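# Examination of the molecular architecture
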Amino acid sequence: MAKTCAELFSQIDCTIIGNADEPIEGIAYRSDKVKPGDAFFCIVGKVTDGHSFAQDAINHGAKVLVVERKLYLADATDVTEVVVSDSRKAMAAAAAAFNDFPSTKFSLVGITGTNGKTTTTYLVNHIASEAGMKTGIIGTVGVIADGTLEKTANTTPESSDLQALLGRMAQNDRSVVAMEVSSHALDLLRTWGCHFAVTAFTNLTQDHLDYHHTFEEYFEAKALLFGKDYPSKRVICIDDKWGKELLRRCSSAGDDIITTGFEKSAQIHPEEVEYFQTHTRVKLYACGSVYDFDYPLVGKFNVSNMMTAFGIALSLGITAHNIIASFKKPVFVPGRLQRVHTAHDGGVSIFVDYAHTPDALEKALSAVKALSDNRTIVVFGCGGDRDATKRPLMGKAALAADYVVVTSDNPRTEDPQAIIRDIVAGMGEPAGHYEVEADRRAAIARAIALAKPGDSILVAGKGHEDYQLVAGRVLQFDDAVVAAEELERAFGAQ
């Protein structure tokens, strides 16, 4: 439903030059996506300045420009300009208002951290759904707004897209929406104007330093979700120093907090854990009570994810009894320690995981090794046009496997061999411990050829992705599908 300029910007500090009653039919931040009647927000980015595209937006039908400085365009005499101090923040606030503040109409859960966000959102979604609530997911794998998966370009969508999406969630009567909140999204104000019921922190390890430059900057971006602009209940894993610092800040602010972790001081922590190939058994201390139960995920890092989801569910008012009851049903998290099943596998177990940071790779390998009495082989690479400093660290982490096949991931515009050289630089020269095969399918096939019955293979880095980004092209490639095909090729005819 259209809103006038005056209505849409009534709560935003601005100056309206022109017709305050100009109707706004939609919000746009890309000039080539403008529709007649849209307000075009001239976003000042890190590379481009949206003010340069104002004329193109007008040509596409924009009648309102939201700017940080008055524009003097020959064809803009009948165009209303709204001057703001920060066009990005104004767009987020206006988008929330345009969609009637949708996040106030259900319980929005924001989950941030380096690793574990996706699994935790899926666990929260599962628990809430089993408790009888209508749910939604927004994150790396995509969006589930009405039971179907839709792919998105970013882990956390741009603010106008996000608010429109939340609007759909509200119209579909969602009760709980679990959303991954990236450090980029927080830094770029994509979640500005969102009302969170619960915000949660998983951990912080090296990633995105090409964008944030230092660990401290990376942490401060994450910490925004726990500041005064996003008041909510907090669930914080305190197993690293960053979680402890968040706890200190939130405690000083008087926030309602549940802590999780392997430390006995955490309000939710494991007293005993048993790991199996298909599930995990845990005796869990949770806020004064002890619960003994199984849940259908494997690996130590998934104990952390389970505890975070447990704390979030408690914060949402779901009982411990209902949380535990939900774990009696399978939970599928795409590309997160996903077992590849085929009719013929030669006794070789293959797991696909999104692990693309040194810490995540180390934890995924630890989980797979704990499930196997025999050798573990890892196939992995690193993405191009991303934080290059983590590549040798990934190589070093991979050495925890019995054998390593270094390959290509999403090289994007970089030379795959150059990326591989960066990885191998961190591996030293352990004789016979690794080899290089730049073709990812061939690398997976090579790992299968090297494996013996009882061995396990971890294919890491891409997880749920069904593509490879190579030299500006998008190539179809799904690790789980390719691994299944290569298993059948190796053992199906035997």
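Fair warning: this is a prediction, and the values are worked out from it, not measured in the lab.

Along its length, the chain carries 16 helices and 26 strands. Over its C-alpha trace the chain gives a radius of gyration of 24 Å, about what one expects of a compact globule, namely 23 Å for 494 residues. Projected onto the principal axes, the alpha-carbon positions of the chain cover approximately 75 × 55 × 40 Å. Across the 494 residues in the chain, those meeting the buried criterion constitute 55%. A sequence separation of at least 24 residues applies to 65% of the contacts in the chain between residues at least 6 apart.

What follows covers the side chain of serine 304. The topology assignment puts serine 304 in helix α10 (residues 300–315). Taking the relative accessible area as the measure of exposure, serine 304 reaches 18% and is therefore buried. When neighbours within four sequence positions are excluded, serine 304 is seen to be in contact with Asp239 and Phe262.

What follows covers the pattern of salt bridges. The tally for this structure, following the rule as stated, stands at 29 salt bridges. Lysine 63 is the partner of aspartate 78 in a salt bridge, and the nearest nitrogen-oxygen pair spans 3.2 Å. One end of the pair, aspartate 78, is in the loop between β6 (64–67) and β7 (80–83); the other, lysine 63, is in the loop between α2 (54–59) and β6, and 15 residues separate them in sequence. Taking the relative accessible area as the measure of exposure, lysine 63 reaches 33% and is therefore partly exposed. Across the pair arginine 190 and glutamate 158 runs a salt bridge whose closest N-O atoms are separated by 4.0 Å. Of the two residues, arginine 190 is situated in the loop between α6 (183–187) and β13 (198–201) and glutamate 158 in the loop between β11 (149–150) and α5 (159–171); the sequence distance between them amounts to 32 residues. Accessibility expressed as a relative area gives 10% for glutamate 158, which makes it buried.

One pass over the full model with this rule turns up nine aromatic pairs. Centre to centre, the rings of phenylalanine 201 and phenylalanine 226 are 6.5 Å apart; their planes meet at 85°, and the pair counts as edge-to-face. Of this pair, phenylalanine 201 sits in strand β13 while phenylalanine 226 sits in the loop between α8 (215–223) and β14 (233–237), and the two are 25 residues apart along the sequence. For the pair shown, phenylalanine 201 and phenylalanine 226 are each scored as buried.

A word on helix α3 (residues 87–98). Along an α-helix, a turn takes 3.6 residues, which lines up residues three or four apart on a common side. The end-to-end C-alpha distance of α3 is 15 Å, a good match for the 16 Å that twelve residues give at a rise of 1.5 Å each. Counted residue by residue, α3 has ten buried out of twelve residues, so it is predominantly covered. The secondary structure elements touched by the buried residues of α3 are β1 (3–4), α1 (5–8), β3 (23–24), β4 (26–28), β5 (38–41) and α5. For α3, the N-terminal cap is aspartate 86; the gap from its side-chain oxygen to the backbone nitrogen of arginine 88 is 3.0 Å. Looking one or two residues past α3, aspartate 100 carries a phi angle of roughly 60°, positive in sign.

Within a beta sheet, neighbouring strands are joined by backbone hydrogen bonds and run either parallel or antiparallel to one another. Strand order in this open sheet of six strands is β19-β20-β24-β21-β22-β23, and the pairing throughout is mixed. Both outer strands of the open sheet, β19 (338–339) and β23 (434–436), are each paired with one neighbouring strand and no more.

Let us now look at unusual backbone geometry. Excluding glycine, most residues fall at negative phi; most peptide bonds, likewise, are trans. Located in the positive-phi region is cysteine 287, a residue other than glycine, with phi close to 50°. Note on placement: cysteine 287 falls in the loop between β17 (280–286) and β18 (289–295). According to the relative accessible area criterion, cysteine 287 is partly exposed, its value standing at 42%. One non-glycine residue, leucine 337, lies in the positive phi region at around 45°. If you trace the backbone, leucine 337 turns up in the loop between α11 (320–326) and β19.

On to the state of the cysteines. Scanning the entire structure with this criterion turns up zero disulfides. There is no disulfide at cysteine 5, and the cysteine sulfur nearest it, in cysteine 14, is 8.2 Å away.

If you trace the five strands from one edge of the open sheet to the other, you get β2-β7-β6-β5-β4, paired in mixed fashion. With one partner strand each, in any of the chains shown, β2 (15–17) and β4 form the two edges of the open sheet. Strand after strand, the sheet turns through a mean of 20° between neighbouring axes, direction not considered. Looking at chain direction, β6 and β7 are connected through four bridges and run parallel. Within the sheet, the bridge partner assigned to valine 66 lies in β7 and is valine 82. Where α3 meets the sheet, its contacts fall on β4 and β5, and the angle it forms with β4 comes to roughly 155°.

Moving on: the nonpolar core. Ranked by internal contacts, the top residues of the largest apolar core, which has 38 residues, are Leu284, Phe293, Met306, Phe310 and Ile312. Where this core is concerned, the elements lending two or more residues are β8 (107–112), α4 (117–130), β12 (176–180), β13, β17, β18, α10 and α11. It is α10 that provides the largest number of residues to this core, a total of seven residues. If sequence neighbours within four positions are ignored, isoleucine 312 has contacts with Val109, Ile111, Thr120, Val124, Val198, Ala200 and Val235. Counting 31 residues, the second largest nonpolar core, distinct from the first, contains Leu162, Cys194, Phe201 and Cys250.

Our next topic: the environment of serine 251. Residue position: serine 251 is located in helix α9 (residues 241–252). Residues serine 251 and glycine 136 lie 115 residues apart in sequence; the distance between their C-alpha atoms is 30 Å. Of note is the side chain of serine 251, whose polar atom sits 2.7 Å from the backbone oxygen of leucine 247.

A few words on the packing of α4 against α10. Relative orientation of the contacting elements α4 and α10 amounts to 45°, with a least axis distance of 9 Å. As summarised for this structure, α4 and α10 are arranged oblique, according to the angle between their axes. The handedness of the crossing between α4 and α10 comes out as right-handed. The segment α4 lies against α10, with Thr119, Thr120, Leu123, Val124 and Ile127 engaging Asn302, Asn305, Met306, Thr308, Ala309, Ile312 and Ala313. Here the contact of α4 with α10 is built from residues that sort into seven nonpolar, five polar and no charged.

The rules behind the values
- Counting of residues starts from 1 at the beginning of each chain's written sequence and follows it residue by residue.
- Note on the predicted model: pLDDT of at least 70 is required for a residue's local features to be given, and 80 or more for side-chain atom pairs to be given and counted; whole-chain, interface and lining totals, by contrast, use all residues.
- The side-chain figures draw on all heavy atoms in the structure; neither hydrogens nor water molecules are used.
- For helices the rule is a DSSP run of H or I covering at least 4 residues; for strands it is a run of E covering at least 2, with both sets numbered from the N terminus onward.
- Atoms considered for the radius of gyration are the C-alpha atoms alone. The globule rule reads 2.2 Å times the number of residues to the power 0.38.
- Burial classification: accessible surface area is computed with a 1.4 Å probe over protein chains only, and a residue below 20% of its type maximum counts as buried, one above 50% as exposed, and the rest as partly exposed.
- Between two residues, a contact is recorded if the distance between any of their heavy atoms is within 4.5 Å.
- A pair is scored as a salt bridge if a Lys or Arg side-chain nitrogen falls within 4 Å of a carboxyl oxygen belonging to Asp or Glu.
- Pairing of aromatic side chains requires ring centres within 6.5 Å, counting the rings of Phe and Tyr and the six-membered ring of Trp. Pairs whose planes differ by under 30 degrees are stacked, by over 60 edge-to-face, and all others tilted.
- In this scheme, a helix's expected span is set at 1.5 Å multiplied by one less than its residue total.
- Think of a polar contact as two N or O atoms within 3.5 Å of one another; within protein, one of them needs to be a possible hydrogen donor and the other a possible acceptor, and neighboring residues in sequence only count if both atoms come from side chains.
- By the convention used here, strands pair only if DSSP detects at least 2 bridges between them.
- Our working definition of a disulfide is a cysteine sulfur pair at a distance within 2.5 Å.
- To obtain an axis, a line is fitted to C-alpha atoms, over the contacting stretch when the element is a helix, and the angle between two such axes runs from 0 to 180 degrees between their N-to-C directions.
- Think of a nonpolar core as a cluster: buried Ala, Val, Leu, Ile, Met, Phe, Trp, Tyr and Cys residues, connected wherever their side-chain atoms sit within 4.5 Å.
- Angular relationships are summarised with four words: roughly parallel below 35 degrees, roughly antiparallel beyond 145, roughly perpendicular across 65 to 115, and oblique for the angles in between.
- Crossings are assigned a handedness: left-handed for a near helix turned anticlockwise from the far helix by less than a right angle, right-handed for a clockwise turn.
- Each residue gets one of three labels, nonpolar for Ala, Val, Leu, Ile, Met, Phe, Trp, Tyr, Cys and Pro, charged for Asp, Glu, Lys and Arg, and polar for the others, Gly among them.

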